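Analysis of the macromolecular model
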Amino acid sequence: MTAPFLELLGVSKSYPGVVALDDVSLAVHPGEVIGLVGENGAGKSTLMKILGGVTGPSLGRIRVDGAERAAMTVADAIGAGIAFVHQELNLFDNLDAASNVFIGREPLKGGPLKLVDRARLRAAVRPLFARLGVDFSPDTPVAGLSLAQRQLVEIAKALSLDSRLVIMDEPTSSLTLTETERLLKVIADLKASGVSVIFISHRLDEVRACADRVVGLRDGRVAGHLAKAEITPPAMIRLMIGRDLKAIYRPPATEPGSAVLEARGVTTATYPTQTVDLAVHRGEILGLAGLIGAGRTELARALFGIDAMKAGEVRLDGHPVAISSPRDAIAAGLFLVPEDRKGAGVVLDLPIKDNVTLPQVGALARFGIIRRPAERAMADTERKRLGIRAPSIFTNVGTLSGGNQQKVVLAKWLAMKPRAIVFDEPTRGIDVGAKREIYDMMRGLADAGVAVLMISSDMEEVIGVSDRIAVMHEGAIAGVLERRDFSERKVLELAVGEE
Amino acid sequence: MQKKDIGLLVLILVVGAVVAFINPRFLSPINLANTANLIGLFGLFAIGQGFVIITGGIELSVGSVIALLGVLFVDLIATYGVPWPAALALMLVIGALIGLAHGLLITRLDMQPFIVTLCGLLIYRGIARWYTADGTVGFAFGQSFPTLDWLTIGRTGGVPHSLIAMLVIAAIMWVVLHRSVFGRYLFAVGKNEEAARYAGVPTGKVIVAAYVICAVLTAIAAIFFAMYTKSISPSSHGNFYELYAIAAAVLGGFSLRGGEGSIIGVVLGAVLLQMLQNLVNLLGIPSSLNFAVMGSVILIGVLADQQFDAYRRRRAAAQIPDHGETTRTGPAEAH
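- As recorded in an unreviewed UniProt entry, chain B goes by Ribose transport system permease protein and comes from Amaricoccus macauensis.
- Checking UniProt for chain B, the heading Subcellular location (unreviewed entry) contains the comment "Cell membrane".

- Identification of chain A as Ribose transport system ATP-binding protein from Amaricoccus macauensis is taken from an unreviewed UniProt entry.

Right, here's the structure in full:
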């Protein structure tokens with residue numbers, strides 16, 4: 001094999017309190033396809049940030065074409081020929097495909113007028129599109145392209161930069177089967193022309209189809225390598241699992257009782273051909289695991305009345321409830337702690353008091369006028385009960401830490417009479433201490449008879465907190481695990497559709 | 001009272017003192033009464049505009065609504081002999097319907113407030129001019145409505161009733177905005193509509209209600225203006241009044257992004273605007289410079305306010321480093 005053009009030598013990256021990468025070495029040779037696998041939180045995105053020059057390593061060296069350095073800038077990374085195709089594509093919807101490929105680098109004419117030279121732009125894009133087998137015109141507006149076509153535009157952009165390494169982050173997560181096949185063919189073509197590819201995916205069959213070798217990351221460390229012949233889904237799962245899961249489980253106070261929250265035959269707009277049946281029993285925490293994009297958040301939004309269900313019904317304590325808006329769900333006692341805390345969970349610019357009482361401020365009013373002493377008393381009670389660390393209830397929520405913001409979201413619901421609460425990624429971006437408190441609160445709620453459904457992509461959390469785990473895969477429940485059957489492998493196998 | 005309001009009040013007092021010092025006529029009863037009347041008239045619909053601005057919207061048709069309802073009202077009572085209480089009630093209903101239409105177009109059909117109300121501005125002005133065949137509407141010689149006149153242009157103890165009406169409505173609207181459930185919803189929707197929806201706030205209804213309130217207050221102002229001017233030529237009556245309202249709100253500390261503002265602020269904003277107009281007259285500044293003075297004061301005022309805000313935030317940030325949790329915070333944490 002030829003010499004690697006890019007090498008990471010013992011790279012570590014630590015943030016205050018967290019070691020994201022620990023002594024990772026990786027060599028990229030010209031024309032090879034490296035599959036990178038690992039669970040959420042294994043360190044993949046930190047590795048990508050270092051390769052893209054977005055952040056520098058705390059320890060270790062980077063060697064590009066034999067020249068060693070401590071860190072790269074974004075310009076260094078582009079200069080070295082490293083390009084990204086992100087999961088969330090960074091394209092301008094309002095421009096055509098060709099303009100997107102050469103955005104910021106348009107061929108100009110007209111001297112000082114700096115007009116865009118459309119003819120040269122098209123001429124420059126055409127060979128790139130031909131190389132990728134693109135079947136649409138460079139003049140097509142991006143808004144009119146499918147996801148797969150948009151991805152091709154991104155790849156064309158990467159090629160136009162004379163890239164030697166294209167890093168693809170979950171590129172197939174929203175592609176159809178034929179689109180995926182075409183992408184795999186494009187990867188093979190890139191490889192044939194000497195371009196290297198790092199392919200990050202949870203879709204293990206696709207990794208097997210395209211990778212020359214696989215690198216597994218776990219807890220920020222390289223967990224192992226697989227040579228071409230060894231790449232099988234079970235072998236990759238072995239690399240991903242085996243994390244040091246802390247024992248955080250607290251058993252329920254009582255045996256689980258009857259079903260409190262049930263989803264029956266629920267179909268969401270994202271997966272119109274799938275139905276979901278779920279039941280959360282009295283006294284239990286049901287974990288809902290799955291890959292990002294498996295349809296868990298969509299399910300939560302449908303249950304809470306944010307998006308309309310295409311079919312199905314929600315039952316509380318056996319009785320169907322009609323939910324067509326969050327207002328209906330709240331009236332029925334079904335609450336949601338949303339994934340997007342800052343955007344949907346709290347109003348950042350309002351004080352703790354206003355946030356906590358917002359859903360039931362009507363009940364605190366007489367003739368439409370808020371009874372302020374009652375409101376303050378309620379907000380203060382909840383602040384103390386949840387241990388929200390803030391100078392007072394008049395502190396703006398935007399100035400609080402993530403953990404305290406999440407407690408404000410919880411306080412809002414706990415001040416009412418919850419029958420069921422859906423937690424969507426309840427501890428994302430929250431420090432360890434606050435995590436612990438939120439787990440205790442969930443357990444307390446479950447013990448008090450509230451149905452707790454916890455959506456989480458964090459394996460430690462799913463296994464450590466749930467009494468049962470339902471795993472979603474592409475819009476359907478792939479399986480439900482009892483506590484005695486919990487294992488990282490089982491959850492992962494169901495999540496990636498390997499069972 | 002918020003800090004911003006106090007700052008504005010101080011500015012008003014300082015400007016007033018300076019003007020009174022240069023030209024003592026500023027404090028003459030006749031000048032004060034005239035200015036107070038105008039403050040009442042402009043304050044009425046500026047308060048309404050404030051409600052819309054808090055939702056993050058804008059209402060551009062205010063001036064046209066004042067013209068349209070003005071000609072309708074005067075024509076109904078002067079030409080058709082409709083009893084004025086009935087005509088007044090009808091104007092309020094039409095106002096409410098206009099607000100309802102704007103609100104529904106914005107919330108149900110997802111149109112932009114600027115576009116909806118800009119079209120309203122053009123449509124109502126056009127209808128007003130067509131209705132009168134571009135002529136002037138007024139009362140016949142000797143025609144009078146003593147009770148209505150007393151209510152709208154009368155004075156009690158030298159205080160114009162328009163000012164009293166504005167202050168009464170301001171007091172009611174202060175309770176609505178700062179003390180009621182609806183007011184709380186308004187601020188939440190203006191700050192973060194998505195989070196408000198997730199908390200069960202009926203966001204659509206709240207926004208529609210803001211436009212209805214704005215249009216009804218504008219209708220009330222339209223009656224006062226009609227009785228004040230007595231004759232209305234629909235091509236110029238109420239021109240640019242929406243901009244006065246927006247200017248008053250902005251001076252009063254409202255953010256056009258929504259979610260910020262107070263009733264005291266917008267009332268003080270209306271006071272300052274009328275004082276500036278008055279100042280141009282009293283200080284012998286060419287009246288053609290009227291708008292230029294207004295524009296400059298607003299520009300400087302908002303700029304100073306922003307600088308002051310930024311300064312306060314920097315100081316606050318320096319004083320309170322954290323709430324005890326930041327040291328243990330992971331990398332994904334953004335403050």
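**Quick notes on the pairing of strand 15 (residues 285–290) of chain A**
Residue and element names in this part refer to chain A.
- Of all six residues in strand 15, six are buried, a share of seventy percent or more.
- The alternating pattern of strand 15 places Ile285, Gly287 and Ala289 on one face and Leu286, Leu288 and Gly290 on the opposite face, and all of these are buried.
- Where strand 15 and strand 22 (residues 451–455) come together, four bridges link them in parallel fashion. Across the sheet, residue Leu286 finds its bridge partner in strand 22, namely Leu453.
- As paired strands, strand 15 and strand 23 (residues 468–473) are joined by five bridges and run parallel to one another. Within the sheet, the bridge partner assigned to Gly287 lies in strand 23 and is Ile469.

**A few points about the nonpolar core**
- One finds A:Val166, A:Phe199, A:Met442, A:Val452, B:Ala210, B:Ala222 and B:Ala248 to be the most contacted residues of the largest nonpolar core, which totals 257 residues.
- In terms of residue count, the dominant contributor to this core is helix 10 (residues 203–229) of chain B (21 residues).
- Two domains each provide a minimum of three residues to this core, namely domain 1 (6–240) and domain 2 (259–495) of chain A.
- Not counting residues within four places of it along the chain, the set of residues in contact with B:Ala222 comprises B:Val65, B:Ile66, B:Leu69, B:Gly70, B:Phe73 and B:Met91.

**Description of the sheet that holds strand 2 (residues 18–28) of chain A**
Residue and element names in this part refer to chain A.
- Strand order in the open sheet formed by four strands is 2-1-4-5, with antiparallel pairing between adjacent strands. The open sheet has two free edges, formed respectively by strand 2 and strand 5 (67–69), since each of these has just one partner strand. Neighbouring strand axes in the sheet, compared pairwise and without regard to direction, differ in orientation by 20° on average.

**Observations concerning the UniProt feature "transmembrane region" (unreviewed entry) in chain B**
All names here are of chain B.
- UniProt marks residues 36–54, 61–80, 86–106, 113–131, 158–177, 206–228 and 289–305 with the feature "transmembrane region" (unreviewed entry), using the numbering shown here.
- Annotated as residues 61–80, this span is 85% helix and 0% strand, and its ends, taken at the C-alpha atoms, are 27 Å apart.
- Structurally, residues 113–131 comprises 100% helix and 0% strand, and the distance from its first C-alpha atom to its last is 26 Å.

**A look at the sheet that holds strand 18 (residues 334–337) of chain A**
Residues and elements named next belong to chain A.
- Taken in spatial order, the six strands make up an open sheet running 18-21-22-15-23-24, and their pairing is mixed. Whereas interior strands pair on both sides, the edge strands pair on one side only; in this sheet they are strand 18 and strand 24 (476–482). Strand-to-strand twist across the sheet, computed as the mean angle between neighbouring axes with direction ignored, equals 20°.
- For strand 23 and strand 24, the ladder comprises six bridges, and the chain directions are antiparallel. The partner of Val471 across the bridge, within strand 24, is Gly479.

**Section: the interface of chain B and chain A**
- At the junction of the two partners, chain B supplies 30 residues and chain A supplies 39 residues.
- Contributions of two or more residues to the side of chain B that touches chain A are made by helix 7 (161–179), helix 8 (181–191) and helix 9 (193–198) of chain B.
- With six residues, the top contributor of residues to the side of chain B that touches chain A is helix 8 of chain B.

**Focus on the pairing of strand 22 of chain A**
Residues and elements named next belong to chain A.
- Of all five residues making up strand 22, five are buried, and the element is well covered by its neighbours.
- Of the strand pairs in this sheet, strand 21 (residues 420–424) and strand 22 are connected by five bridges, and their pairing is parallel. By the bridge assignment, Ala420 is partnered in strand 22 with Ala451.
- Since strand 21 and strand 22 lie parallel, the crossover through helix 15 (residues 432–447) that links them has a hand, and here it is right-handed.

**Structural notes on the packing of helix 3 (residues 62–78) of chain B against helix 4 (residues 84–107) of chain B**
All names here are of chain B.
- Running from N to C, helix 3 and helix 4 cross one another at 155°; their axes reach a closest spacing of 10 Å. Here helix 3 lies roughly antiparallel to helix 4, going by the angle between them. Classified by chirality, the crossing of helix 4 by helix 3 is right-handed. From helix 3, Val65, Leu69, Leu72, Phe73, Leu76 and Ile77 reach across to helix 4, where they touch Trp84, Ala87, Met91, Ile94, Gly95 and Ile98.
- Here the contact of helix 3 with helix 4 is composed, by residue class, of 11 nonpolar, one polar and no charged.

**What to know about the environment of A:Leu291**
- Turning to its location among the elements, A:Leu291 is positioned in the loop between strand 15 and helix 9 (296–303).
- Excluding residues that lie within four positions of it along the chain, A:Leu291 makes contacts with A:His202, A:Ala495 and A:Val496.

**Here we look at the confidence of the model for chain B**
All names here are of chain B.
- Mean pLDDT over chain B: 89, with 94% of residues reaching 70 or higher.
- Below pLDDT 50 for its whole length, residues 321–335 participates in 32 contacts with residues either more than four positions away or in separate chains.
- As scored by the predictor, the complex reaches a pTM of 0.84 and an ipTM of 0.82.

Reading guide: rules and limits
The residue numbers shown here count from 1 along each chain, following its written sequence. Note on labels: chains are lettered from A, ligands numbered from 1, in written order. Thresholds applied to this predicted model are a pLDDT of at least 70 for local features of residues and 80 or more for the giving and counting of side-chain atom pairs; totals over whole chains, interfaces and linings are not thresholded and use all residues. UniProt positions are given in the numbering used here, feature names are shortened, and annotations may be inferred rather than shown by experiment. Once C-beta atoms are placed from the backbone, each residue is buried if 20 or more other C-beta atoms lie within 10 Å of its own, exposed if 12 or fewer, and partly exposed for counts between those two. Helix and strand definitions follow DSSP, with helices as H or I runs of at least four residues and strands as E runs of at least two, each counted in order from the N terminus. Whether two strands pair comes down to DSSP finding at least two bridges between them. Each nonpolar core consists of buried Ala, Val, Leu, Ile, Met, Phe, Trp, Tyr and Cys residues. Their C-beta atoms, within 7 Å, join them into a set. An automatic or database domain assignment supplies the start and end points of every domain. Two residues qualify as a contact pair if the distance between their C-beta atoms, derived from the backbone, is within 7 Å. Axes here refer to lines fitted to C-alpha atoms; in helices the fit is confined to the stretch in contact. Angles between the N-to-C directions go from 0 to 180 degrees. For the handedness criterion, the strands are oriented away from the viewer, and a crossover whose path from the first strand over the helix to the second runs clockwise is classed as right-handed. These descriptions rest on fixed angle ranges, namely under 35 degrees for roughly parallel, over 145 for roughly antiparallel, 65 to 115 for roughly perpendicular, and the rest for oblique. Handedness of a crossing is defined here by the sense of rotation of the near helix relative to the far one, left-handed for an anticlockwise turn of less than a right angle and right-handed for a clockwise turn. Ten residue types, Ala, Val, Leu, Ile, Met, Phe, Trp, Tyr, Cys and Pro, are classed as nonpolar, four, Asp, Glu, Lys and Arg, as charged, and the remainder, Gly among them, as polar. Here pLDDT means the predictor's own confidence in every residue, given as a number from 0 to 100.

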